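Chain and residue survey
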Amino acid sequence: MTEYQVIDSADTVLRDGTIKLHGPDAFEGMRRAGRLAADILDAMAPLVKPGVSTAELDDIVREMTLAGGAVPATLGYRGYTHSCCISINHVICHGIPSEKILKDGDIVNIDVTPLLDGWHGDTSRMYLVGDVPLKARKLVDVTHECLMLGIEQVKPGARLGDIGAVIEAHARAHRYTTVREFCGHGLGRLFHDAPEVIHAAKAGTGPELKPGMFFTIEPMINAGKPWAKVLSDGWTAVSRDKSLSAQFEHSLGVTETGVEIFTKSQRGLDKPPYS
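Keep in mind that what you see is a predicted model, and the values were worked out from it rather than measured. (Residues numbered from 1 in each chain as written. Predicted model: local features only at pLDDT ≥ 70, side-chain atom pairs only at ≥ 80, totals over all residues. Heavy atoms only, no water.)

**Topic: the pattern of salt bridges**
Taken as a whole and assessed by the stated rule, the structure comprises 13 salt bridges. When the shortest N-O distance is used, the salt bridge between D16 and K20 registers 3.4 Å. A salt bridge links K271 to D141; its shortest N-O distance comes to 3.8 Å. One end of the pair, K271, is in the segment after strand 19 (259-261); the other, D141, is in helix 3 (residues 134-152), and 130 residues separate them in sequence. For K271, a relative accessible area of 35% corresponds to the partly exposed category. Taken together, the salt bridges that share partners define one network made up of E28, R31, R32 and E260. (Salt bridge = Lys/Arg side-chain N within 4 Å of Asp/Glu carboxyl O. Helix = DSSP H or I, 4+ residues; strand = E, 2+ residues; numbered from the N terminus. Buried < 20%, exposed > 50% of the residue type's maximum accessible area, 1.4 Å probe, protein only.)

**Some remarks on the pairing of strand 4 (residues 85-88)**
The side chains of a regular strand alternate, residue by residue, between the two faces of the sheet. Every second residue of strand 4 is oriented toward a common face, with C85 and S87 on one face and I86 and I88 on the other, all of them buried. As defined by bridge partners, strand 4 adjoins strand 6 (residues 107-112) across four bridges and the pair is classed as antiparallel. Residue I86 lies in a different strand from strand 6, and its bridge partner there is I110. (Pairing = 2+ DSSP bridges.)

**Focus: the sheet that holds strand 7 (residues 114-116)**
Read across the sheet, three strands follow the order 3-7-8 without closing on themselves; strand pairing throughout is antiparallel. Single-partner strands in this sheet number two, and they are strand 3 (71-72) and strand 8 (119-120). The pairing of strand 3 with strand 7 spans two bridges and is classified as antiparallel. The residue of strand 7 that forms the bridge with P72 is P114.

**A closer look at unusual backbone geometry**
The omega torsion across A194 and P195 is 5 degrees, close enough to zero to call that bond cis. Cis geometry marks the peptide bond from P272 to P273; its omega dihedral reads 5 degrees. Tracing the backbone through its elements, the reader meets P273 in the segment after strand 19. The residue H94 is not glycine, and still its phi comes out positive at about 65 degrees. Tracing the sequence through the fold places H94 in the loop between strand 5 (91-93) and strand 6.

Have a look at this one:
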C-alpha cells in the first residue's frame, strides 16, 4: 500500500519509501532550483559543437552552478567526481565527462542537477552536434514528444502508470523501444526519493498522483532493442546493441489542477534545434 507523508519545509526528510507531499514554500524552492538548471542547459546550446570535449562542458556546468549560488548534486554523489552527466550516441545515461571530443553528427544528452538552498533541480536535454542525420534527429524529436505526452498525464487522481503507458505507446508507434532499467524518481530536498516513475507501464496502475508530489519524468528511448548494460566504470549505461539512444528530463510538481514544470526553459530552448 502506498504511503504518503505531508511535510513542512522545516521537517527532516528521510528516504523512507513514503511519497512526500509538499506545500507552497517547497514549490517556490523547486522553481528557483529548476530555473537555474534550465538556465545552465540554455547556456550549453551554442557550446555543444564539433571539437569541444565533454570535460570542457562539465567545467562550464560547474562554474555556472556555483555562480548561481548552488552546488552540483552529482559532485561527490556515490563517489561520482563530475558536475553533470554527458551521454553521447549509444550511451543511454550517466555518461562520464572526459577528454572525448564531440564530432559532427553526434547526439548528446546533458543532465544537470543544481542543489540550490536545499532543493534539487534535475533536468536533461538532447543536443545535436553539427550536421546530424535525419534518423538521429527523428529519435530526438520522438523522445521529446514522449516526455511531453507523459507530462500531459500528470494531474490529481491520475496514476503513475498512466505516464509510462503513453510514453511506451508513442515510442512503439515509431518503432522505438523504451529502456526499462532506469526510471524517473521523486525529488525535492532529496536527490532520489519515492516514487519510481516507470516509463513503460500499464495505464491505471501505480500510486495515485496527489497535489504536492514532486518527481522527474525522463524517458530513455532506443532506436534498437530496449536493453541496457552498465560499463565497468560503474556509471555509463549503453544500449546493448549499440543503437542510438535519446533522453529528455523535467522536474515537476503536481498542483491542485494539473502540473507545474520546474525546469522549463525560460527562453523556449526545451528541445533542438536551438538556433
